[in-house]
Amino acid sequence: MSWNTSYKPNGPRLAINMSSEFKLDVIMSRDPEEPESSSSNGKMILSESKNGLHRMINGIQKQGYRGLSDRFFRGNRAAYGGAVNIAVDMDERREHGLGTKSGPLLSGAAYCVSSCSMILLNKVVLSSYNFNAGISLMFYQNLISTLVVVIFGLSGAISVEKLNWKLIKLWIPVNIIFVGMLVSGMYSLKYINIAMVTILKNVTNILTAVGELYIFRKQQNQKVWTAMFLMIISAITGGITDLSFDGTGYAWQIINCVLTASYSLTLRLVMDKAKQATRSGSLNEFSMVLLNNLLSLPFAILLILLFDEWRYVMTVDVINLPMFWVAATASGFLGLAISFTSMWFLKQTGPTTYSLVGSLNKIPLSIAGLVLFKVPLSLPNMFSILFGLFAGIFFARAKMS
């Protein structure tokens, strides 16, 4: 039996063929209380219908209901297929979106925690334990970082470029500045409170922007120069109102700002040449971490001997305290953690978000430093610190624009 239905005048012609499956639906939908036929012909028809029904049911059971549903969906794909695909696709996108959102959050939190913890632990080791060997502490931290990267590289967990003399010669100027940056940062942190260190570090941004202008001919917009002017004012007012002002610490911090800006600019100059000196033609972040930390060890040993630090380290009583070694070792692992989490966070987001979060990270760090180390404060000094933090955030926003 077949029905032929047409839609006129302009619509498409729709043909519906009533197959055996449709006959089954008609038979099964009959009223069970319908009276039976009294004629023999009717009984024969009914008997044949029952036999046909049993055969059709057995056939369906053998094929499985999946085949029936497949035939149904093939006939109605135009109506339902798109909706099903859209629903599945939206579910997959929703799951992928949740994973994408959690990545930057976790990496950003890990970066902030490791960065703040590193600075606070260095302050504890240098000030609370009154440890006067910043070069030796730097050597110990870099030794830990080197060993961890080498172990991960040998195990195949990370990819590290094989070092060669050509690459080492190119990297030595970068590494000398790197060592000076770490040592000056150690000594400035010993004499200056953490809040003022974070404010004075804004001078690094100014020096870097000026270096980019003269070396790379990179022009800055008006907002960036305004932010740099605000940072200069905050650094000057912060130093004037600092109740715990220490000339030696401020001198070390100025040296640290110059060396930090020089490090970033020199690294940018050497980067392309260093890539050409490698076998693979590339230099990933893990290889740079290994280069910096491994090459710093002989320079650190030379400085320890030159400044006679080794005598102090061998005789000072603080090295007999287990908690001192716990703090020093933890700071070494945190130094490496900063490298890994910063790369993770930078990969999950981008340079602009990374820069902004780095500026925002100074706020909880400054507050923690003021509270934990009981820094004497005045209202003008507090205002200058907050002003400096605002200037840093404004600078990051200006760079983003």
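Throughout what follows, the structure given in this document is the object of discussion. A quick note: this is a predicted structure, and the numbers were derived from the prediction, not measured.

1. Focus on the overall build of the protein chain
Then, in step 1: Secondary structure summary: the protein chain contains 16 helices and 2 strands in total.
Then, in step 2: A burial count over the protein chain gives 38% of its 401 residues as buried.
Then, in step 3: Considering only intrachain contacts with a sequence separation of at least 6, the fraction spanning at least 24 residues in the protein chain is 84%.
Then, in step 4: Of the roughly 23,900 Å² of accessible surface on the protein chain, 65% is carried by carbon and sulfur atoms.

2. Here's the deal with the packing of aromatic side chains
Then, in step 1: Under the defined criterion, the tally for this structure stands at 10 aromatic pairs.
Then, in step 2: Considering the side-chain rings of F131 and Y312, the 6.0 Å spacing of their centres and the 50 degrees angle between planes classify their relative orientation as tilted. Taken as a pair, F131 in the loop between α4 (77–128) and α5 (134–155) and Y312 in helix α12 (residues 309–315) lie far apart in primary sequence, 181 residues in all.
Then, in step 3: Taking 5.0 Å as the distance between ring centres and 20 degrees as the angle between the ring planes, the aromatic pair formed by Y187 and W252 counts as stacked. Of this pair, Y187 sits in helix α6 (residues 165–191) while W252 sits in helix α10 (residues 247–276), and the two are 65 residues apart along the sequence.
Then, in step 4: Given a relative accessible area of 28%, W252 falls into the partly exposed group.
Then, in step 5: In this structure an aromatic cluster arises from ring pairing among Y129, F131, Y140, Y312, F324 and W325.
Then, in step 6: Directly above the ring of Y191 sits K190, whose terminal nitrogen or CZ lies 6.0 Å from the centroid.

3. Topic: the packing of α6 against α10
Then, in step 1: Two numbers describe how α6 lies on α10: the axes approach to 8 Å, and their chain directions differ by 160 degrees. Accordingly, the angle class assigned to the pair α6 and α10 is roughly antiparallel. In terms of crossing hand, the pair formed by α6 and α10 is left-handed.
Then, in step 2: Residues that form the contact of α6 with α10 fall into these classes: 16 nonpolar, 11 polar and 1 charged.

4. Some words on the packing of α6 against helix α11 (residues 285–306)
Then, in step 1: Contact pair α6 / α11: the axes reach a minimum separation of 9 Å and the direction vectors enclose 65 degrees. With respect to α11, the element α6 is oriented roughly perpendicular. In terms of crossing hand, the pair formed by α6 and α11 is right-handed. On α11, the residues touching L167, I168, W171, I172, V174, N175, I176, F178 and V179 of α6 are M288, L291, N292, L295, S296, F299 and L303.
Then, in step 2: Of the residues contributing to the contact of α6 with α11, the split by class is 13 nonpolar, 3 polar and no charged.

5. A look at the pattern of salt bridges
Then, in step 1: For the coordinates displayed, the defined rule picks out 2 salt bridges.
Then, in step 2: Among the salt bridges present, the one from E212 reaches R268, with a minimum N-O distance of 3.0 Å. Note that E212 is positioned in helix α8 (residues 202–215) and R268 in helix α10, a separation of 56 residues in sequence.
Then, in step 3: Judged by relative accessible area, E212 falls into the buried class, the value being 5%.
Then, in step 4: Close ionic contact of D308 with R311 constitutes a salt bridge, the shortest N to O distance being 3.2 Å.
Then, in step 5: By relative accessible area, R311 is classed as partly exposed at 47%.

6. Notes on the environment of P380
Then, in step 1: Examined against the element boundaries, P380 turns out to sit in helix α16 (residues 379–400).
Then, in step 2: Sequence spacing of P380 and T241 is 139 residues, and the spatial spacing of their C-alpha atoms is 6.2 Å.

7. A short note on unusual backbone geometry
Trans peptide bonds make up most of the peptide bonds, and negative phi angles are found at most residues other than glycine.
Then, in step 1: Phi angles above zero are rare outside glycine, and N130 is one such case at about 55 degrees.
Then, in step 2: Here N130 lies in the loop between α4 and α5.
Then, in step 3: In this structure N130 comes out as partly exposed when scored by relative accessible area, which is 48%.
Then, in step 4: In this structure, D308 takes a positive phi of about 60 degrees despite not being glycine.
Then, in step 5: Within the element layout of this structure, D308 appears in the loop between α11 and α12.
Then, in step 6: Taking relative accessible area as the criterion, D308 reaches 35% and is therefore assigned partly exposed.

Reading the values: rules and limits
Going along each chain's sequence as written, the residues are numbered from 1 onward. Totals for whole chains, interfaces and linings use all residues, but because this is a predicted model, local features are given only for residues with pLDDT of at least 70 and pairs of side-chain atoms are given and counted only at 80 or more. For the side-chain quantities, the full set of heavy atoms in the structure was used; hydrogens and water were omitted. The secondary structure listing takes helices from DSSP runs of H or I that are at least 4 residues long and strands from runs of E that are at least 2 residues long, numbered from the N terminus. Here the term buried applies to any residue with accessible area under 20% of the maximum for its type, exposed to any over 50%, and partly exposed to those in between, with areas from a 1.4 Å probe on protein chains only. It only takes one pair of heavy atoms within 4.5 Å for two residues to be counted as in contact. In this description, accessible areas are obtained by the Shrake-Rupley approach with a 1.4 Å probe, and a residue is regarded as covered only by the protein chains that are shown. Planes of paired rings set the category: under 30 degrees apart is stacked, over 60 is edge-to-face and the rest tilted, where pairs are Phe, Tyr or Trp rings (Trp by its six-membered ring) whose centres lie within 6.5 Å. Either the NZ atom of lysine or the CZ atom of arginine qualifies as a charge over a ring when it sits within 6 Å of the ring centre and within 35 degrees of the ring normal. Fitting a line to C-alpha atoms yields each axis, with helices limited to the stretch in contact; the angle taken between N-to-C directions then spans 0 to 180 degrees. Roughly parallel here means an angle under 35 degrees, roughly antiparallel means over 145, roughly perpendicular means 65 to 115, and every remaining angle is called oblique. Handedness of a helix crossing follows the sense of rotation of the near helix relative to the far helix, less than a right angle counterclockwise being left-handed and clockwise being right-handed. Each residue is assigned to one class: nonpolar for Ala, Val, Leu, Ile, Met, Phe, Trp, Tyr, Cys and Pro, charged for Asp, Glu, Lys and Arg, and polar for all the others, Gly among them. What counts as a salt bridge is simple: a side-chain nitrogen of Lys or Arg found within 4 Å of a carboxyl oxygen of Asp or Glu.

Geometry only, nothing functional implied.
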